[in-house]
Amino acid sequence: MHDDDFVDEESGKNKLFSRGASIYYLGSMIFIVGIALIILGSALILFFRLSYTSDLQEILLTIIPIALGTILILLGINLMMKQSRKGYAILSLSVIAVAASMILFIRIYENNWYYPQAYYVFGLYVSGFLLLLGNTFAGSILYIIKTNKPVYSPIEDKEPVHLYTDDEIQRDIEEATRKSAEAAVAELQFNDVQELPSDIIGVHISETPKNVTRVKDKITEVRSLGQTLSPGMTEKWGSVGIDKASDALAKALEPQKTQKKGFFQRIKEKYFSNKPKKETKKETKVKSKEKKTEKKR
Amino acid sequence: MAKGLDIGTMNIICAEKDKEDIVFTQQRNAFMELDSSDLTKTMLDISKVLYIERKDGISLLGEDAFKFATIFEKEARRPMTHGIISPKEKEAIPIMKLIVGEVLGQPKRQNEVLYISTPADPIDTDMNVLYHKKTMEMLTKGMKYDTHVIDEGLAVIYSELADNNFTEIGISVGAGMTNVTLAYLATPLMSFSIARGGDWIDEQAAKSTGMPKEHVTATKEKISRLGKDVKMGSVEGALTVYYDALITYVIKNLNRKLAEITPPNVAFPVAIAGGSAQPEGFFELFEKRLREANLRVDLAKIKHVKDPILSVARGCLIAARTQEEKGRQQLKQTQTPTQPTQKKKK
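Fair warning: this is a prediction, and the values are worked out from it, not measured in the lab.

Attention now goes to the overall build of chain A. Along the backbone of chain A there are 11 helices and two strands. For chain A, the sequential pattern of α-helices and β-strands runs α-α-α-α-α-α-α-β-β-α-α-α-α. Within chain A, buried positions represent 20% of all 297 residues. Across chain A, the fraction of contacts at a sequence separation of at least 24, relative to all contacts at a separation of at least 6, is 64%. For chain A, the exposed area adds up to about 24300 Å²; of that, 62% sits on carbon and sulfur atoms.

This is the structure:
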């Protein structure tokens, strides 16, 4: 059943489309003919050098193409636009009115162009013209409204609406209440913290033996916790961190000459070590003189 | 010197560093009313009992209140219930102020850093912990401490598994509540509490056996081991059953909450602490149930905490000392001169 409906709808759409296209082509043809007629009328005005004293035939030949051309332009525009049934009825009515006015004009212009016949012709033409113009205006407005459809589209088309469950709503309310209570509690100040109730006459606490437990504990966790909470923190003493290792490495790499030697160490090195003794100033002078004399030779 | 304070439903514990040691000062969060007489006062003074004198009577505070309640077969009143200040107890805030003041002592310097533990928002009851947090914060700030608040579960994480870069699940089974926190690199990703803890176990066991709740609590604290070989109608048997029920309840809720987040793909170690995690056999039972539960995260080791009751206070102390260290470093940075200025020529 649904499938049948669908097929019918599809075929209906196709029919509408083909009819719409043919009407569109017809409309554009009529529009072009209308423009051509206006050009022709304008050319005839120039050709006949039209004036108040011009020949009646010349005036007739000039006015008819311009009047017909104007109507055909409007008719062509209307046919190019999508029309409802009412629209087509208006078009038909205006075409009939304009056609009647034109026939009457051709018949009476030469011999009977008097009041009130001339006004009937003019009235029929103007009513046909205004009907076409009004229909064009209405069609244009409808087209603009349809092309700007997203502006008027419902919100749900733009973004999916999240429907909150009762649990989520409850959780949100609880969270908001908690935050509000936390803020209120943070601002709370007790002004009687130091006071004891007035019915307390005396407090006997001075000589009470306390339950005290003493445990050997260096609580090294303090440094670990400090490092975990602030990883960038350097350790001055460096027993756990990298500082100790780097200190030890620096000491190991330190040159021996900077190490301070004790008194006994110096005596030992001077008199009992196997290392070659340092040269005295006199010895170095003698050696340099010997080198110079060798070079001269 | 920084301090950590665990404000629990049953115990208030302060932790502070003293040279190479940590000193934990502990006091019961309870009080009990007695009729006032000169004889009573003299007796209490001789016994060095902590009490306050009112116009209409005497209130014993802390551990002594608990002991006297057991002796006189009365019920010790509690300023806190289900992890927060008891709305039923009018005297709750002044009593807690005295107990906290006694445990905490005066700050050694102005604005000494103090971290206090508070429960996270419960998920199984329509209860809010905000007002409790604020009250405790203001109470300690009034004692001239620079107070910061930390979740109980996070305090367990800070205390127990530094080796894992503070990436773990911390569970604190207290008297009023059970707190759970999942943290990644010391940052909590999920924190919640359950309005069931040691007190719930006591109530259920008392109802089942017909024993007074105080008696059940005392038995629970002395119990040698949770086990299935028990005498018929004994409190121990009921305690084992309800401990198991509590553990299952906690794990079910943990799994439910894990479904709401996307935890990082790492194996999480678990640390279980708290005053109600003390009986022997509790840890083994928890581990067994955790392994059976097929949690939504991978589990690494499950750490048996050495002193479960002190773990939260220790975690608070670690947080406080870290904060203190951070403050010191920031101060140094602000004090270091930027560039030496050139001396003007004379």
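Right, let's talk about the sheet that holds strand S15 (residues 299-304) of chain B for a bit. Residue and element names in this part refer to chain B. In spatial order, the strands read S13-S12-S11-S14-S15; together these five strands make up an open sheet with mixed pairing. On the outer flanks of this sheet lie strand S13 (187-194) and S15, each paired with one strand and no other. Pairwise comparison of adjacent strand axes, ignoring direction, gives a mean angle of 15 degrees for this sheet. Note: strand S11 (residues 168-173) against strand S12 (residues 178-184), six bridges, orientation antiparallel.

Time to look at the interface of chain B and chain A. Every contact between the two is made by 49 residues of chain B and, on the other side, 46 residues of chain A. Where chain B abuts chain A, roughly 4500 Å² becomes buried across the two surfaces, and 60% of that area is made up of carbon and sulfur atoms. For the pair chain B and chain A, the number of links is seven salt bridges. The residue Asp217(A) makes a salt bridge to Arg314(B) at a minimum N-O spacing of 2.6 Å. There are 10 residue pairs in polar contact (both at pLDDT 80 or more) connecting chain B and chain A. If you list the elements that add at least two residues to the side of chain B that touches chain A, you get strand S2 (11-18), strand S3 (21-28), strand S5 (51-54), helix H3 (92-104), helix H4 (130-141), helix H5 (152-160) and helix H10 (311-335) of chain B. Of all the elements, H10(B) adds the most residues to the side of chain B that touches chain A, at nine residues. Pairing of strand S1 (residues 200-204) of chain A with S5(B) involves four bridges; the strand directions are antiparallel.

It is at 9 Å that the axes of helix H8 (residues 221-229) of chain A and H10(B) come closest, and there the two elements cross at 60 degrees. As summarised for this structure, H8(A) and H10(B) are arranged oblique, according to the angle between their axes. Crossing geometry of H8(A) relative to H10(B) is assigned as right-handed. Contacts from Glu221(A), Val222(A), Arg223(A), Leu225(A) and Gly226(A) in H8(A) reach Arg314(B), Ile318(B), Ala319(B), Arg321(B), Thr322(B) and Glu325(B) in H10(B). Taken together, the residues of the contact of H8(A) with H10(B) sort by class into four nonpolar, two polar and five charged.

This part takes up the confidence of the model for chain B. All names here are of chain B. With 97% of its residues at a pLDDT of 70 or more, chain B shows a mean pLDDT of 87. Per-element averaging of pLDDT across chain B places helix H7 (residues 213-222) at the bottom with 78 and strand S1 (residues 3-7) at the top with 95. Predicted confidence is poor over residues 341-346, with pLDDT under 50, and the contacts of this stretch with residues over four places away or in other chains come to zero contacts. Complex prediction metrics read pTM 0.63 and ipTM 0.77.

Moving on to the side chain of His132(B). Residue and element names in this part refer to chain B. Along the chain, the position of His132 falls in helix H4. Of the polar contacts made by the side chain of His132, one reaches the backbone nitrogen of Ile85; its length is 3.1 Å. When residues no more than four places from it in sequence are discounted, the contact partners of His132 are Met80, Gly83, Ile84, Ile85, Thr118 and Pro119.

Rules behind the numbers
- Each chain has its residues counted from 1, following the order in which its sequence is written.
- Here the convention is simple: chains get letters from A, ligands get numbers from 1, in the order in which they are written.
- Where local features are concerned, this predicted model is filtered to residues with pLDDT of at least 70; where side-chain atom pairs are given and counted, the filter is 80 or more; whole-chain, interface and lining totals use all residues.
- With hydrogens and water set aside, each side-chain value is computed from the structure's full complement of heavy atoms.
- Secondary structure follows DSSP: runs of H or I at least 4 residues long count as helices, runs of E at least 2 residues long count as strands, and numbering of each begins at the N terminus.
- Burial classes follow relative accessibility: with a 1.4 Å probe on protein chains only, a residue under 20% of its type's maximum area counts as buried, one over 50% as exposed, and anything between as partly exposed.
- Here, two residues are considered to be in contact whenever any of their heavy atoms come within 4.5 Å of each other.
- Computed by Shrake-Rupley with a 1.4 Å probe, the accessible areas treat only the displayed protein chains as cover when residues are assessed.
- At least two DSSP bridges between two strands are required for those strands to pair.
- Axes, fitted as lines to C-alpha atoms, cover a helix only where it is in contact. Angles between the N-to-C directions of the axes lie from 0 to 180 degrees.
- Here's the idea: put two parts together, see how much 1.4 Å probe accessible area each one loses, and the total over both is what we call buried area.
- One speaks of a salt bridge when a side-chain nitrogen belonging to Lys or Arg is within 4 Å of a carboxyl oxygen belonging to Asp or Glu.
- N or O atoms closer than or at 3.5 Å make up a polar contact, with two conditions inside protein: a donor-capable atom paired with an acceptor-capable one, and, for residues adjacent in sequence, both atoms drawn from side chains.
- Angles below 35 degrees are treated as roughly parallel, those above 145 as roughly antiparallel, those between 65 and 115 as roughly perpendicular, and all remaining angles as oblique.
- Take the far helix as your reference; a near helix turned counterclockwise from it by less than a right angle gives a left-handed crossing, and one turned clockwise gives a right-handed crossing.
- Gly is put with the polar residues, along with every residue not named as nonpolar or charged; the nonpolar set is Ala, Val, Leu, Ile, Met, Phe, Trp, Tyr, Cys and Pro, and the charged set is Asp, Glu, Lys and Arg.
- pLDDT: the predictor's confidence for each residue, scored from 0 to 100.

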